[in-house]
Amino acid sequence: MKKGKLIVVSGPSGIGKDTVVAEYLKRNDAYKSISCTSRKIREGDIPDKTYHFITKEEFENKIKNGELLEYTIYNNNYYGTLKNTIDEQLEKGKDVIMVIEVEGEANVKKIYPDAISIFLLPPSMDILKDRLINRGNVSPEDIEDRMKTAEREIATSVRYDYKIINDDLDNAVKSLENIIKNNINE
Ligand code: 5GP
């Protein structure tokens, strides 16, 4: 059976990665990888759907037991992808989408050189800042930190296979569909 494609989506905080991927999944058949994280549950998070929320100690045990494909520390919290489900889904012929940050993407590419990497860009840095502010519940210092991280992440986007400017949800999803379709037909 033909194996599925691995698709890695990255982009700065507030860009709308999860919204674009959720809309893609409504329109297409694919499996979204559910990461483990030690960060606190935020409003809107659904345990075991958004993430597997675990403690720092549980996360460190997973590292020790070799259960993670890749992991990183982002904003003082652990984030990582579980090994077993990814290969299982790819073997079944399912496309797998991972929404991870830039360090994780680099590590995934080392293990799966055929993975398609896609970076979501904001139409402008001012628009990204507005989106972060409109999310609410974040201090001005937090916004500044996230903007600095966003600049660093955007600088690494040159190495990604594709970039999509997320100025409109429908357009961004259509671009994602085109990229995945074109790669699958190769
Ligand atoms: P958030 O806390 O906003 O949900 O996620 C923070 C960042 O961690 C986002 O850029 C998100 O894509 C990334 N992330 C989520 N899961 C993983 C993972 O399993 N591995 C890596 N490397 N990054 C992840």
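Presented here is a report on the structure given in the accompanying data block.

How each quantity is defined
Residues numbered from 1 in each chain as written. Predicted model: local features only at pLDDT ≥ 70, side-chain atom pairs only at ≥ 80, totals over all residues. Heavy atoms only, no water. Helix = DSSP H or I, 4+ residues; strand = E, 2+ residues; numbered from the N terminus. Buried < 20%, exposed > 50% of the residue type's maximum accessible area, 1.4 Å probe, protein only. Polar contact = N/O pair within 3.5 Å; in protein donor to acceptor, adjacent residues only side chain to side chain. 1 Å grid on protein atoms, 1.4 Å probe; cavity = no way out; pocket = protein on both sides within 12 Å on 5 of 7 lines; lining within 4 Å. Points joined across faces, edges and corners; volume = space filled by probe spheres on them. Nonpolar A, V, L, I, M, F, W, Y, C, P; charged D, E, K, R; others polar. Pairing = 2+ DSSP bridges. Core = buried A, V, L, I, M, F, W, Y, C linked by side-chain atoms within 4.5 Å. Contact = heavy atoms within 4.5 Å. Salt bridge = Lys/Arg side-chain N within 4 Å of Asp/Glu carboxyl O. Near = heavy atom within 4 Å. Areas by Shrake-Rupley, 256 points an atom, 1.4 Å probe, with all protein chains shown as cover. Sits in = over half its atoms within 2 Å of the grid points.

We now examine the side chain of Asn-166. Counting through the fold element by element, Asn-166 comes out in the loop between β9 (162-165) and α7 (169-184). With a relative accessible area of 7%, Asn-166 lands in the buried category. At 2.7 Å, the side chain of Asn-166 and the backbone oxygen of Ile-15 are in polar contact.

Space inside the largest pocket adds up to approximately 1,500 Å³. Tallying contributions element by element places helix α1 (residues 17-27) first for the lining of the largest pocket, with 5 residues. The residue inventory of the lining of the largest pocket, partitioned by class, reads 15 nonpolar, 18 polar and 15 charged.

What follows covers the sheet that holds strand β6 (residues 77-82). Pairing is mixed in the open sheet, where 4 strands are placed in the order β4-β3-β6-β5. Two strands in the sheet have a free side with no partner beyond their single neighbour: β4 (52-53) and β5 (68-74). Pairing of strand β3 (residues 36-37) with β4 involves 2 bridges; the strand directions are parallel. By the bridge assignment for β4, Cys-36 is matched with His-52.

Before going further, it helps to examine the nonpolar core. Counting 18 residues, the largest nonpolar core has Ile-7, Val-9, Tyr-24, Ile-97, Ile-118, Ile-164 and Leu-176 as the members making the most contacts within it. Elements with a contribution of two residues or more to this core: β1 (6-10), α1, β7 (96-99), β8 (116-121) and α7. In terms of residue count, the dominant contributor to this core is α7 (5 residues). Not counting residues within four places of it along the chain, the set of residues in contact with Tyr-24 comprises Ala-30, Ile-97, Val-173, Leu-176, Glu-177 and Ile-180.

Looking now at the pairing of β6. β6 sits mainly inside the fold: 5 of its 6 residues count as buried. Two strands pair when backbone bridges link them, and β3 and β6 are joined in this way by 2 bridges, in the antiparallel orientation. Bridge pairing in β6 links Thr-37 to Tyr-79. Taken together, the 6 bridges between β5 and β6 define a ladder with antiparallel strand orientation. Along β6, the bridge assignment pairs Tyr-71 with Gly-80.

In this section: the pattern of salt bridges. The final tally for this structure, using the stated rule, is 13 salt bridges. Linking Lys-94 and Asp-29 is a salt bridge whose minimum nitrogen-to-oxygen distance equals 3.4 Å. You can see Lys-94 sitting in the loop between α3 (83-91) and β7 and its partner Asp-29 sitting in the loop between α1 and β2 (31-32), a full 65 residues away along the chain. By relative accessible area, Asp-29 is classed as exposed at 59%. Bridged by salt links that share partners, the residues Glu-23, Lys-26, Arg-27, Asp-170 and Lys-174 form one connected network.

This part takes up the pairing of β1. A large share of β1 lies buried, amounting to 5 of its 5 residues. Alternating positions in β1 separate into two faces, Leu-6, Val-8 and Ser-10 on one and Ile-7 and Val-9 on the other, with burial throughout. Bridge count for β1 against β7 is 4 bridges, and the pairing is parallel. Among the inter-strand pairings, Ile-7 is bridged to a residue of β7, identified as Ile-97. Pairing of β1 with β8 involves 4 bridges; the strand directions are parallel. Residue pairing in the sheet places Ser-10 in a bridge with Phe-119 of β8.

What follows covers the site of the ligand. Taken together, 15 residues lie near the ligand, and Ser-35, Arg-39, Tyr-51, Tyr-79 and Glu-101 sit nearest. In this structure, Lys-17 approaches the ligand through a side-chain N or O atom, which is 3.5 Å from an oxygen atom. Residue Val-99 places a main-chain N or O atom 3.3 Å away from an oxygen atom belonging to the ligand. Notes on the ligand: free accessible area 510 Å², of which the protein chains cover 94%. Counting atoms within 2 Å of the grid points, the majority share of the ligand lands in the largest pocket. Looking at the shell around the ligand, the elements with two or more residues in it are β5 and β6. Classifying every residue of the shell around the ligand by side-chain character gives 5 nonpolar, 5 polar and 5 charged.

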